[in-house]
Amino acid sequence: MADDNKFGELKSTLIKAKTNQPAEAESVDKRRDAKGRAYATGRRKESVARVWIKPGSGKITVNGRDEKTYFARPVLRMILRQPLIAASRDGQFDVVVTVKGGGLSGQAGAVRHGISRALVNYEPSLRPVLKPGGFLTRDPRAVERKKYGRPKARRSFQFSKR
């Protein structure tokens, strides 16, 4: 009988602990640092982008340079802004990015992924808006490796009958 009593008490304390837990989780959900910035990492191909967002005038800085000088092609700048436009937050956040590796196309994709994840960290209610657009999913496509006995991944040497 004493064991049943102990089990009942233990069960009630666990239930109380579980009911108190979601209140703490909600306050932790917004992941911001002391300066009010949200951080996230984005990846695409061989590129890795570290992204910080904070409320501001909408300025995007990539590796210490303005987005227009770093990503000269308009298509790449459009890729960067896609998550902000989808979330109706274009011009509301200043974005600071450090990106390494890969080419410009991969870097633009990595920055887009990072901005999307940082927006969700800053404002968790944006997740249902960004998820269907595929902005939170890392693009798994990568360059196929070169195979032994071939000039490229799938290309064969030219066939000659002689």
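All values reported here derive from a predicted model rather than from experimental measurement.

Moving on, we get to unusual backbone geometry. Leaving glycine aside, a negative phi is the common case for residues, and trans is the common case for peptide bonds. The backbone of Asn63 sits at a positive phi, close to 50 degrees, despite the residue not being glycine. Using a relative accessible area of 32% as the deciding quantity, one classes Asn63 as partly exposed. Unlike most non-glycine residues, Ser88 shows phi in positive territory, near 55 degrees. As for its position among the elements, Ser88 is in the loop between helix 3 (74-86) and strand 5 (93-100). For Ser88, a relative accessible area of 52% gives the class exposed.

The next point concerns the side chain of Thr61. Note that Thr61 resides in strand 3 (residues 60-62). For Thr61, a relative accessible area of 18% corresponds to the buried category. Sequence-distant contacts of Thr61, defined by excluding residues within four places in its chain, comprise Val95, Val96 and Val97.

Let us now look at the packing of aromatic side chains. On inspection of all chains with the given rule, the structure shows 3 aromatic pairs. Measuring from ring centre to ring centre gives 5.1 Å for Tyr39 and Trp52, while their planes differ by 45 degrees; the resulting arrangement is tilted. Taken together, the positions of Tyr39 in strand 1 (residues 38-44) and Trp52 in strand 2 (residues 47-55) put the pair 13 residues apart, joining distant regions of the chain. Judged by relative accessible area, which is 36%, Tyr39 ranks as partly exposed. Each ring, one from Phe93 and one from Tyr122, has its centre 5.1 Å from the other, and the planes form 80 degrees; the classification is edge-to-face. Of this pair, Phe93 sits in strand 5 while Tyr122 is found in helix 4 (residues 104-122), placing the two residues 29 residues apart along the sequence. Judged by relative accessible area, which is 6%, Phe93 ranks as buried.

Parameters and conventions
- Residues numbered from 1 in each chain as written.
- Predicted model: local features only at pLDDT ≥ 70, side-chain atom pairs only at ≥ 80, totals over all residues.
- Heavy atoms only, no water.
- Buried < 20%, exposed > 50% of the residue type's maximum accessible area, 1.4 Å probe, protein only.
- Helix = DSSP H or I, 4+ residues; strand = E, 2+ residues; numbered from the N terminus.
- Contact = heavy atoms within 4.5 Å.
- Phe/Tyr/Trp six-rings, centres within 6.5 Å; stacked < 30°, edge-to-face > 60°.

Just distances and angles here, no functional claims.
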